[in-house]
Amino acid sequence: MELPFAESWKIKMVEPIRKSTREEREIWMKKAHYNVFQLKSEQVYIDLITDSGTGAMSDRQWAAMMLGDESYAGASSFYNLQEMIQRLTGFEYIIPTHQGRAAENVLFSYLVHEGDIIPGNSHFDTTKGHIEGRKAIALDCTIDAARNTQTELPFKGNVDAKKLEEALEKYADRVPFIIVTITNNTAGGQPVSMQNLREVRQLANKYNKPVLFDSARFAENAYFIKTREEGYADKSIKEIVREMFDLADGMTMSAKKDGIVNMGGFIATRLQDWYDGAKGYCVQFEGYLTYGGMNGRDMNALATGLDENTEFDNLESRIKQVQYLAQKLDEYGIPYQRPAGGHAIFVDASKVLTHVPKEEFPAQTLTIELFLEAGIRGCEIGYILADRDPITRENRYGGLDLLRLAIPRRVYTDNHMNVVAAALKNVFDRRENITRGVNIAWEAPLMRHFTVKLERL
Ligand code: F0G
């Protein structure tokens, strides 16, 4: 018989986790104002709030940490990291930063100015924040199909080339660069095809614009190209990664995802102009150029993490686990953004809690219900996260209203996924009885979802 699939690693160290009672969770959730960001992690049984900085490092990464060079200037750890990034991406210039949004802050301080327009595919919140904070516009050019959770497409994170070309034609000089997020987190961890990256490059050349990749999950994107795109089955992940980055001028990176470290990020580019323009901001905001907010040991761990996570076996273990959870949800008929993404399952709350009006935030309500059911912490990617329109101050109900179950890398087993799926099924089975959601009692003017206080209706 054919052997079943199993992870490409074994476990050397474990961290105990604890179950709780429904009564305990009711009290905790109320005290947290029905906002999962306000929960203490020890109150959580299975934590799927994010896959960012929550992965398990390998023994090789821990060993590399012991060799960290903490010199202020010229640390060997920086040169280890630089060499690895150069080898994987072909980019010559590297600026380390403490995480992904810091890379955005440093680079955009140089590149983005008031009135600019930056087209891309579903800019991540911090990316959008760093653009809008500079009074510029993040213009979404994602393909329309990404907005229908039930449409099954291999590369649902793609840029719509027509929308992009229209933007480039219309705004011409106002566009400092094009940004492509690989994988497209906001659209559901959906990949972008090599073909699409090539199209973007051709348009960029035609209009003489540079291309930036937001690369937080670039390795997962390469896995999808290898397994779904014609002509890539026999290429290694590292070859595909190199081919992807050959189509860009630079990248910002949150190393907390595909670098599998708890903290870190960087900018890499082949443009000397970007490097020279950004490096002063690195010194100003992050630190000197050979550490930029990172410890030497963390740069060493990151260099090793990038090497390991651009190997097929590691990525296969990771993505098959996400697909395993998706299969369970299919069995139970629970609707999510199809097909399963690289790092998470995004449950379509508007199709589950059909009796909860949008003004009462169905995805947030589902997030609360799942925590109360079994101590599982997901995260709303929906109407609360969308914030209010900056001009009208109305809630924005235009996008999707999803519950994201982000799966940390190399942390949970498929047994945990079984628990998640069963808990979700229990909530799903009583969905007809869930008719009321939540009301906002207090909110911050921007990025409200971290601190919002809610009342249950
Ligand atoms: N770009 C993308 C596509 C991201 O998903 C994130 C973070 C960032 C940039 C910013 O990086 O957190 O290191 O500053 N995403 C996390 C998440 C927070 O949960 O999806 P950071």
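None of these values were measured; they are calculated from a predicted model. (Residues numbered from 1 in each chain as written. Predicted model: local features only at pLDDT ≥ 70, side-chain atom pairs only at ≥ 80, totals over all residues. Heavy atoms only, no water.)

**Details of the packing of helix H2 (residues 59–66) against helix H11 (residues 296–308)**
How two helices sit against one another is set out by the angle between their axes and by the gap between those axes. For clarity, the cut-off: For helices, the fitted line uses only the C-alpha atoms of the stretch in contact; every axis is such a line through C-alpha atoms, and the angle between N-to-C directions lies from 0 to 180 degrees. Counting from the N terminus, the helices are DSSP H or I runs at least four residues long and the strands are E runs at least two residues long. Any angle between 65 and 115 degrees counts as roughly perpendicular, while under 35 counts as roughly parallel, over 145 as roughly antiparallel, and the rest as oblique. Handedness of a crossing follows from how the near helix is turned relative to the far one, being left-handed for an anticlockwise turn of less than a right angle and right-handed for a clockwise one. The contact criterion used is simple: two residues touch if any of their non-hydrogen atoms lie within 4.5 Å. Any residue that is not Ala, Val, Leu, Ile, Met, Phe, Trp, Tyr, Cys, Pro, Asp, Glu, Lys or Arg is counted as polar, Gly included; the first ten are nonpolar and the last four charged.
The geometry of H2 relative to H11 is characterised by a closest axis approach of 7 Å and an angle of 150° between their N-to-C directions. In terms of axis orientation, H2 runs roughly antiparallel to H11. Pair H2 / H11 crosses with right-handed handedness. Contacts between H2 and H11 involve Arg60, Gln61, Ala64 and Met65 from the former and Arg297, Asp298, Asn300, Ala301, Thr304, Gly305, Asp307 and Glu308 from the latter. Here the residues of the contact of H2 with H11 are counted per class, giving three nonpolar, four polar and five charged.

**Thoughts on the domain arrangement of the chain**
As a reminder of what qualifies: A domain assignment, automatic or from a database, supplies the domain bounds used here. Values labelled buried area give the accessible surface lost by two parts on being combined, using a 1.4 Å probe and summing over both.
Domains assigned within the chain are domain 1 (22–51 + 312–456) and domain 2 (59–308). The distance between the C-alpha centroids of domain 1 and domain 2 comes to 26 Å. The interface is formed by 30 residues belonging to domain 1 together with 32 residues belonging to domain 2. The junction of domain 1 with domain 2 conceals about 2,700 Å² of combined surface from both sides, 53% of it contributed by carbon and sulfur atoms. Considering only the side of domain 1, the residues that lose the most area to domain 2 are Gln337, Arg338 and Arg409, jointly responsible for 21% of the buried surface there.

**Structural notes on the layout of surface pockets**
Worth spelling out the cut-off: For cavity detection a 1 Å grid was placed over the protein atoms alone, and a set of points counts as a cavity when a 1.4 Å probe fits there but cannot get out; an open set counts as a pocket when protein lies on both sides within 12 Å along at least five of seven lines, with lining residues being those that have an atom within 4 Å of a point. Grid points are joined across faces, edges and corners, and a volume is the space filled by probe spheres set on the points.
Taken as a whole, the largest pocket spans an internal volume of roughly 1,500 Å³. What lines the largest pocket is a set of 37 residues, and nearest its centre among them are Met13, Gly55, Ala56, Arg410 and Val411. Sorting elements by how many residues they give to the lining of the largest pocket places H2 first, with three residues. Along the lines of polarity and charge, the residues of the lining of the largest pocket split into 15 nonpolar, eleven polar and eleven charged. Residue lining of the second largest pocket: 39 residues in total, with His123, Lys128, Thr186, Ala386 and Arg396 positioned closest to the centre.

**Points about the site of the ligand**
Heads up, the condition is: Proximity is defined per residue: if any heavy atom of the residue lies within 4 Å of a molecule or strand, that residue is considered near it. Counting of polar contacts relies on pairs of N or O atoms within 3.5 Å, with two restrictions inside protein: one atom must be capable of donating a hydrogen and the other of accepting it, and residues adjacent in sequence are counted only when both atoms are side-chain atoms. For every accessible area listed, the method is Shrake-Rupley and the probe measures 1.4 Å; residues are considered covered only by the protein chains on display.
In the vicinity of the ligand there are 17 residues, among which Thr50, Arg101, Asp214, Ser254 and Lys257 approach most closely. Contact between the ligand and Gly100: an oxygen atom at 2.8 Å from a main-chain N or O atom of the residue. The side chain of Lys257 places a nitrogen or oxygen atom 2.9 Å from a nitrogen atom of the ligand. Considered on its own, the ligand offers 470 Å² of accessible surface; in the complex 93% of this is hidden by protein. Of the residues assigned to the shell around the ligand, the class counts are two nonpolar, eight polar and seven charged.

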